[in-house]
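# Analysis of the macromolecular model
Okay, here's what each chain looks like letter by letter:
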Amino acid sequence: MKRLLLVLCLAFSASSAQAAVTFDANATAPCSSNSVNLAVAGMPCQTLTITAAMSNPAVICQVNLSNQTVTTPVLTWDSGGSNQTMDFIGGRNTTSGTGRAELWGRVNPASGNKLAKYTAAAGTSDIDINCVSWSGVDATGGATSFPHFTSAIGTSAAPSVTITSAVGNATMDSTVNDTSTLSAPTKTQTFIDNAPNLFSGGGSRAAGAASNVHAWTLALGSSNWASVGTDILADGGGGGCTAKPTLTLLGVGNCGG
Amino acid sequence: MKLKVLVLALVLVGLATGAQATYTQQYALGQDATFQGQVQVAMVISCANTMTEAVTVTGHGMRATFCARVLQNPTFWVPMYAAVLAAQTNNAMTPLTVPSTVADSLVQVASDAQLTNIAGYYKQ
């Protein structure tokens, strides 16, 4: 009987849609500007071209700001076109008065070369925006598709955030600091921008694992930093059937994630 | 006679409206020893004030890190700082004659205003 259950589980796992999150495209360069009045014009950003006809696409934008008190920010994908509002995944301020890291996500974004635009009711800020597209992402949206948001802050030369994930998923971070230049990401760099007057920031991405550490190096140990991270859930609940076969597994065919 | 009057009138109008500074004039001012002396004092005052501002003031980290380097070796930073102040237009230096007769207060306002930008240019 146990052998039968195991065979059934393995067969179900193999036949069900256990898509892995797959990297599609990264912006060629982050949108970067100093002293942007977000309430007037916002920050338009010709970010990247998403491949058309992907299965379960999603776009994640890494945002760094100098201003920690921007009022009611909105990030719009395909601004001026279909105007798709992105989900705010999470954000964190540094311990000083300068520097904030955010992550925004959107499932089923309009494909093609699209404009992302960051606006707010009030606030002027130095700002970086970098967007990355993926396929094979859970299509629910919000915290379901972008679970396990986490953040970390510190005053040191070694920003780091540890993201809970799973094989088949993917992870991304956004990291900012108020003092010195950023370098040497331990995961695949999506952008580094040391040009803004009031902060330096960067972002990285990685294939999913149980625990992904996204770490960076700062030139100065006196830097106040904040780092935020998110998991990106694979369509079908995450790859890699690590759970032992049970009757429940037979019912839902979900290997967790 | 009428032509001389006309020329005089045009010159006076030009002076009244403030002729646009040329790069050559701005360069000469930035290189001027008198102006560089003014800039050094203004820069040190700007930085000394930065070191006492609250850490929660926007941009303090970047400014304070830069100013620590400035206060340890002011003369090293004067040529760069003077070039930026002479070239910027938000608080334009005037008159652009050398040796400098720019008012100290004008140099100080420009120094305070440009400190954050300059600190960003030279971040470590």
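First, a word on what this report is: a plain description of the structure on this page.

Definitions and cut-offs
Residues numbered from 1 in each chain as written. Chains lettered and ligands numbered in written order. Predicted model: local features only at pLDDT ≥ 70, side-chain atom pairs only at ≥ 80, totals over all residues. Heavy atoms only, no water. Core = buried A, V, L, I, M, F, W, Y, C linked by side-chain atoms within 4.5 Å. Buried < 20%, exposed > 50% of the residue type's maximum accessible area, 1.4 Å probe, protein only. Helix = DSSP H or I, 4+ residues; strand = E, 2+ residues; numbered from the N terminus. Contact = heavy atoms within 4.5 Å. Pairing = 2+ DSSP bridges. Expected span 1.5 Å × (residues − 1).

### So, the nonpolar core
- Formed by 26 residues in total, the largest nonpolar core has its most connected members in A:Leu38, A:Trp77, A:Tyr118, A:Ile127 and A:Ile129.
- Listed by contribution, the elements that provide at least two residues to this core are β2 (31-37), β3 (43-50), β4 (58-65), β5 (74-77), β9 (112-119) and β10 (124-135) of chain A.
- Once residues lying within four places of it in the same chain are set aside, the contact partners of A:Leu38 are A:Met43, A:Leu65, A:Val70, A:Tyr118, A:Thr119, A:Ala120, A:Gly123, A:Ser125 and A:Ile127.
- Listed in part, the 25 residues of the second largest apolar core include B:Phe35, B:Tyr81, B:Met93 and B:Val102.

### Re the sheet that holds β3(A)
Residue and element names in this part refer to chain A.
- Taken in spatial order, the four strands line up as β3-β9-β5-β6 in an open sheet, and their pairing is antiparallel. Whereas interior strands pair on both sides, the edge strands pair on one side only; in this sheet they are β3 and β6 (84-85).
- Bridge analysis of β5 against β9 gives four bridges, and the strand direction is antiparallel. Opposite Val 74, over in β9, you have Thr 119 as the bridge partner.

### A closer look at helix α4 (residues 60-72) of chain B
All names here are of chain B.
- The first and last C-alpha atoms of α4 sit 18 Å apart over 13 residues, in line with the 18 Å expected at 1.5 Å per residue.
- Along α4, the residues that are buried comprise His 60, Gly 61, Met 62, Arg 63, Ala 64, Thr 65, Phe 66, Cys 67 and Val 70.
- Residues of α4 that are buried in the fold lie against α3 (33-50), α5 (74-87) and α6 (104-121).

### Side note on the environment of A:Ile127
Residues and elements named next belong to chain A.
- Within the element layout of this structure, Ile 127 appears in strand β10.
- The spatial distance from the C-alpha of Ile 127 to the C-alpha of Ala 206 is 24 Å, given a sequence separation of 79 residues.
- Contacts of Ile 127, omitting those with residues within four sequence positions, involve Cys 31, Ser 32, Ser 33, Val 36, Leu 38, Met 43, Val 63, Asn 64, Leu 65, Tyr 118 and Phe 199.

These figures come from the coordinates and say nothing about function on their own.
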